Amino acid sequence: MPGFFNRQIFNDRLKTSRFVGPEILQGEKDRHVDHWRVGVVGGSAVPGEFFRFPLALGDIYVDQRDPSRWWQVLQFGLQNLFDPELDEWFTMDTFDHRPGEVTLPDRCPPPTP
């Protein structure tokens, strides 16, 4: 379904995120971030007596002073049941609100039997 997922759907999903708490991402420079979690569940959206199961979950780490700066994201979902290495991370080294260059990581080695 081309065009099924768009920015409005993405932003609406982010509105349902839950605040996990403040954290410090340690690296070359320690970053003080707020940790948020957003998920997609099948079944009832309300926890309790009705069956529900997680389809995907994302952990988002945003700058405490500027939440438009996303420093790190972890996403996982049903695909991890088949291969736990399929979780998807991105970590920002720098952040600027203008177009820039993107450096992709080296290609992953083929899976071992």
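Structural notes, computed from the coordinates.

What counts and what doesn't
Note on numbering: residues in each chain are counted from 1, in written sequence order. Residue-level local features of this predicted model are given only where pLDDT is at least 70; pairs of side-chain atoms are given and counted only at 80 or more, and the full residue set underlies all totals for whole chains, interfaces and linings. Computation of side-chain values covers all heavy atoms of the structure but excludes hydrogens and water. Each helix corresponds to a stretch of at least 4 residues labelled H or I by DSSP, and each strand to a stretch of at least 2 residues labelled E; elements are numbered beginning at the N terminus. Between buried and exposed lies partly exposed: a residue is buried under 20% and exposed over 50% of the maximum accessible area for its type, with that area taken using a 1.4 Å probe on protein chains only. For this analysis, residues touch if any pair of their heavy atoms sits within 4.5 Å. Two strands qualify as a pair provided that DSSP identifies no fewer than 2 bridges between them. Charge counting treats Lys and Arg as positive and Asp and Glu as negative, with His and both chain ends excluded. Here a salt bridge means any side-chain nitrogen of Lys or Arg lying within 4 Å of a carboxyl oxygen belonging to Asp or Glu. We call two N or O atoms a polar contact when they sit within 3.5 Å, provided that within protein one can donate a hydrogen and the other can accept it, with sequence-adjacent residues counted only if both atoms are side-chain atoms. What is meant by a nonpolar core is a set of buried Ala, Val, Leu, Ile, Met, Phe, Trp, Tyr and Cys residues, joined one to another through side-chain atoms within 4.5 Å.

Before going further, it helps to examine the overall build of the protein. Of regular secondary structure, the protein possesses 2 helices and 5 strands. Its helices and strands taken in sequence order, the protein reads α-β-β-β-β-α-β from the N to the C terminus. In the protein, which comprises 113 residues, the share counted as buried stands at 21%. Considering only contacts within the protein whose residues lie at least 6 apart along the sequence, 28% involve residues at least 24 apart.

The subject of this paragraph is the pairing of strand β3 (residues 52-63). Here strand β2 (residues 31-43) pairs with β3 via 11 bridges, running antiparallel. Residue pairing in the sheet places V38 in a bridge with G58 of β3. Judged from the 7 bridges that link them, β3 and strand β4 (residues 70-77) form a sheet pairing that is antiparallel. Opposite V62, over in β4, you have W70 as the bridge partner.

Turning next to the environment of R52. Position of R52 relative to the elements: it lies in strand β3. Once the C-alpha coordinates of R52 and G42 are considered, the two residues, 10 residues apart in sequence, prove to be 5.4 Å apart.

On to the side chain of D34. Among the structural elements, D34 can be located in strand β2. For the buried D34, which has no salt bridge, the nearest side chain bearing the opposite charge is R65, at an N-O separation of 9.8 Å. In this structure the side chain of D34 is engaged in a polar contact, spanning 3.5 Å, whose partner is the side chain of Q64. Residues in contact with D34, not counting those within four places in the same chain, are F19, G21, P22, I60, Y61, V62 and Q64.

As a further point, take the nonpolar core. Core analysis: the largest hydrophobic core is formed by 5 residues, namely L14, V38, I60, V62 and V73. When sequence neighbours within four positions are dropped, the list of residues in contact with I60 reads L14, D34, H35, W36, V38, W70, Q72 and V73.

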